[in-house]
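Close look at the chain arrangement
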Amino acid sequence: LVMFDECHKAKTIELDANGNPKTVGKGSEKREKSSQTAKNVVHLQQALPRARVVYCSATSVSHPKNLGFMSRLGLWGPGTE
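A brief report on the enclosed structure follows.

Thoughts on the overall build of the chain
- Across its full length, the chain holds one helix and four strands.
- The order of helices and strands in the chain, counted from the N terminus, is β-β-β-α-β.
- Looking at the 81 residues of the chain, the share that counts as buried comes to 23%.
- Long-range contacts, defined here as pairs at least 24 residues apart, represent 56% of the contacts in the chain between residues at least 6 apart.
- Counting every atom, the chain has about 5800 Å² of accessible surface; 52% of that belongs to carbon and sulfur.

Considerations on helix H1 (residues 36-47)
- If you check H1, its first and last C-alpha atoms are 16 Å apart, about what 12 residues at 1.5 Å a residue would give, namely 16 Å.
- Buried residues of H1: Ala38, Lys39, Val41, Val42 and Gln45, and no others. With its buried residues spanning 160° around the axis, H1 presents them on a single face. Counted as exposed and oriented over 90 degrees from the buried face of H1: Gln36 and Ala47.

Overview of the packing of aromatic side chains
- For the coordinates displayed, the defined rule picks out two aromatic pairs.
- Ring plane angle 15° and centroid distance 6.1 Å describe the contact between Phe4 and Tyr55, whose orientation is recorded as stacked. Pair noted here: Phe4 is in strand E1 (residues 2-5) and Tyr55 is in strand E4 (residues 53-56), with a separation of 51 residues, a long-range link.
- Relative accessible area serves as the criterion here: at 11%, Phe4 is assigned to the buried category.
- Between Tyr55 and Phe69, the aromatic rings sit 6.0 Å apart at their centres with planes inclined by 80°, giving edge-to-face as the arrangement. Placement of Tyr55 in strand E4 and of Phe69 in the segment after E4 is noted, with a sequence separation of 14 residues between them.
- Of the residues examined, Tyr55 reaches a relative accessible area of 17% and is grouped as buried.
- Members of the aromatic cluster, connected to one another through ring pairs, are Phe4, Tyr55 and Phe69.

Looking at the nonpolar core
- Core analysis: the biggest nonpolar cluster contains 12 residues, these being Val2, Phe4, Cys7, Ala10, Ile13, Ala38, Val41, Val42, Tyr55, Leu67, Phe69 and Met70.
- For this core, the secondary structure elements donating two or more residues are E1 and H1.
- Per-element accounting of this core gives the leading share, three residues, to H1.
- Ignoring sequence-local partners within four residues, the contact set of Val42 consists of Ile13, Leu15, Gly19, Pro21 and Phe69.

Rules of the game
- Residues numbered from 1 in each chain as written.
- Predicted model: local features only at pLDDT ≥ 70, side-chain atom pairs only at ≥ 80, totals over all residues.
- Heavy atoms only, no water.
- Helix = DSSP H or I, 4+ residues; strand = E, 2+ residues; numbered from the N terminus.
- Buried < 20%, exposed > 50% of the residue type's maximum accessible area, 1.4 Å probe, protein only.
- Contact = heavy atoms within 4.5 Å.
- Areas by Shrake-Rupley, 256 points an atom, 1.4 Å probe, with all protein chains shown as cover.
- Expected span 1.5 Å × (residues − 1).
- Arc of directions from axis to C-beta.
- Phe/Tyr/Trp six-rings, centres within 6.5 Å; stacked < 30°, edge-to-face > 60°.
- Core = buried A, V, L, I, M, F, W, Y, C linked by side-chain atoms within 4.5 Å.

Okay, structure coming up:
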């Protein structure tokens with residue numbers, strides 16, 4: 001079981017079509033479009049595909065895109081088209 005308490009801190013994430021964090025630029029100008037916290041939350045879920053996940057937060061969501069790290073909800077990402 002993986003529990004993400006205060007999971008709203010992972011809201012700064014932009015994912016590509018495969019569910020991986022996006023980057024912008026090339027070469028030495030390449031940079032991440034997502035926060036370190038958000039990337040680690042996504043990578044942990046990818047590394048543990050059979051783990052149960054609980055997302056906990058008392059903070060409301062202002063935009064649906066801020067839920068991008070919650071891949072286990074099954075609302076978006078690969079296989080939901």
